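# Structural overview
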Amino acid sequence: MVVGKPALLVRSYKPGTLEPLQDLSTVSHVEPTSAIPFLLDVILRRHLEKFSCFVEMGTELCSFEQSDEGVTTILVKNGVSETFGTKWIIGADGAKSIVCKDGTRVVTGDIRLTRVGLNRVHWHRFRNFLEREVSLRSTDEIGNDGLQFFLFGRELDLTKIAQSEELVFETIASLIPTEITSNEVVWMSDFRANMRMVNKFGEGRVFVAGGIIHSPAGGQGLNSGVQDAKGIANKSLLETYSAERLPVISEMLEVTTSILDRTITSGDISAGRSRILYMLGINCRFGTIVLDEFVASVKPINCLTRGIWRLGTGHLMHPICCSAEPDATTLFGLHRPWYHTILVFAPSLADATPILGALEAYSKSVVRSTVVLLSSASVTPVASPVDLVLVDREGYACSAYLVEVGQTKAFVIWPDGVIGVMVHSAEGVKKYFSKIFFDT
């Protein structure tokens, strides 16, 4: 089953003709590796349904009140009000507020067009970006003649165009040097690039995921929103949620706004883009509960910059390991958003025992342990409270986590998928958990 498609090349044309001028890529191709397998999230909704959790469309949250015990909400669906009680509430419906009048403006939507000489494998772009321009991208969701259009430029009266389907078609027809026929304007909207963010991500029992209005350049809205949601996956870390996410979102907005500014200035839609947009370097090395016993101090580093593990936290993209059983597994597959995952790299099970012993003080509902051994290690049975033993037969895990031969290292993976702790002893593990489990 196809769950994703490569980004279309953007094809520009010489003014007034269908002669291609150049093809540009907005996303560089990167081959998947054992550490970054590019797992697709487009099947999330289908996965939720396996747990009897269904996304309910067309339902509006009108108001809510919270107390120490929970949150009472007023929902409206098909004109019918409903009172619903819950322990927590997460606002993840995007920025619905009135957009200010400043900012780069675009009229966009979906249209069905019959046209001559334009294929469906390119994102077509006509005229000068700063004056008058239309771009057309194929969208098969509405039919084999479906296109998403973008109209912009200082010479276009976008306020007037946004109010008339007829003007939309006439403007597109005036900018494309080929015969076209409008079959239907499916939807259209007046869009303004206006970059804003919330001043905090939560208060009491109410939280926000995706609390930004972002530039269309960079395509980071969904990425950052999903990362926000993972950050509130476990209540033991809720107090640090805002402090960890605000710097990341702030820097992401700076990056995407810079890309938009450079695109407008140069007319080059690929301007300023880099691997930082993959968002695989997300970290909170500045966090108050980060613990690293292998460096004297955690150096400040950009929130989106991918670094090496010993500098502090890094996004959880686990390399392939082999289980002590014949079946292969991945470290990524061990992680769950409702408990801490402890990875103990050790020469033998006996070497890992002191750290594993310290973990016995915590409930397995919030802490799970895995010992990772070198391929040369002997998996000799010993009395141990470990949940799982893996053998790193190809050395992927030790390489990615910078574990040397004969070394013992323990990593604590937070429920939100970030490496928050790197220690070498049982005392280090106890020190970390004392910060978040106040009764230990």
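Reading guide: rules and limits
- Residues numbered from 1 in each chain as written.
- Predicted model: local features only at pLDDT ≥ 70, side-chain atom pairs only at ≥ 80, totals over all residues.
- Heavy atoms only, no water.
- Pairing = 2+ DSSP bridges.
- Helix = DSSP H or I, 4+ residues; strand = E, 2+ residues; numbered from the N terminus.
- Axes fitted to C-alpha atoms, helices over the stretch in contact; angles between N-to-C directions.
- Buried < 20%, exposed > 50% of the residue type's maximum accessible area, 1.4 Å probe, protein only.
- Phe/Tyr/Trp six-rings, centres within 6.5 Å; stacked < 30°, edge-to-face > 60°.
- Lys NZ or Arg CZ within 6 Å of the ring centre and 35° of its normal.
- Contact = heavy atoms within 4.5 Å.
- Salt bridge = Lys/Arg side-chain N within 4 Å of Asp/Glu carboxyl O.

Attention now goes to the sheet that holds strand E3 (residues 59–66). Spatial ordering of the open sheet is given by E3-E4-E5, a layout of three strands whose pairing is antiparallel. Pairing within the sheet leaves two strands with one partner each, and these edge strands are E3 and strand E5 (80–86). Between one strand and the next, the sheet's axes are offset by a mean angle of 25 degrees, whatever the strand orientation. For E3 and strand E4 (residues 71–77), the ladder comprises seven bridges, and the chain directions are antiparallel. Opposite Glu65, over in E4, you have Thr72 as the bridge partner.

Summarising the element assignment, Tyr339 is placed in the loop between strand E18 (328–330) and strand E19 (340–345). Overall, Tyr339 belongs to the buried group, its relative accessible area being 7%.

For the structure shown, the criterion picks out eight aromatic pairs. For the pair Tyr362 and Phe433, a centre-to-centre distance of 4.6 Å together with 40 degrees between the ring planes defines the contact as tilted. Of this pair, Tyr362 sits in the loop between helix H6 (349–359) and strand E20 (367–374) while Phe433 sits in helix H8 (residues 426–436), and the two are 71 residues apart along the sequence. The residues Tyr362 and Phe433 share a single accessibility class, namely buried. Through successive ring pairs, a cluster of aromatic residues spans Phe345, Tyr401 and Phe411. It is Arg205 that lies over the ring of Trp88; its NZ or CZ is 4.6 Å from the centre. Lying across the ring of Tyr339, Arg368 places its NZ or CZ 4.6 Å from the centre.

With that out of the way, let us pick up the side chain of His122. Within the fold, His122 resides in strand E8 (residues 122–126). Residues in contact with His122, not counting those within four places in the same chain, are Leu8, Leu9, Arg11, Asp23 and Leu136.

Our focus in this paragraph is the pattern of salt bridges. A complete count under the given rule lists eight salt bridges for this structure. Arg120 is the partner of Asp140 in a salt bridge, and the nearest nitrogen-oxygen pair spans 2.8 Å. Remark: Arg120 occurs in the loop between strand E7 (105–115) and E8 and Asp140 occurs in the loop between strand E9 (133–138) and strand E10 (146–152); sequence separation between them is 20 residues. For Arg120, a relative accessible area of 24% corresponds to the partly exposed category. Across the pair Asp387 and Lys364 runs a salt bridge, and its minimum N-O distance is 2.6 Å. Of this pair, Asp387 sits in the loop between E20 and strand E21 (388–392) while Lys364 sits in the loop between H6 and E20; the two residues are 23 residues apart in sequence, bridging distant segments of the chain. A single network of salt bridges, built from pairs that share partners, joins Arg112, Asp145 and Glu184.

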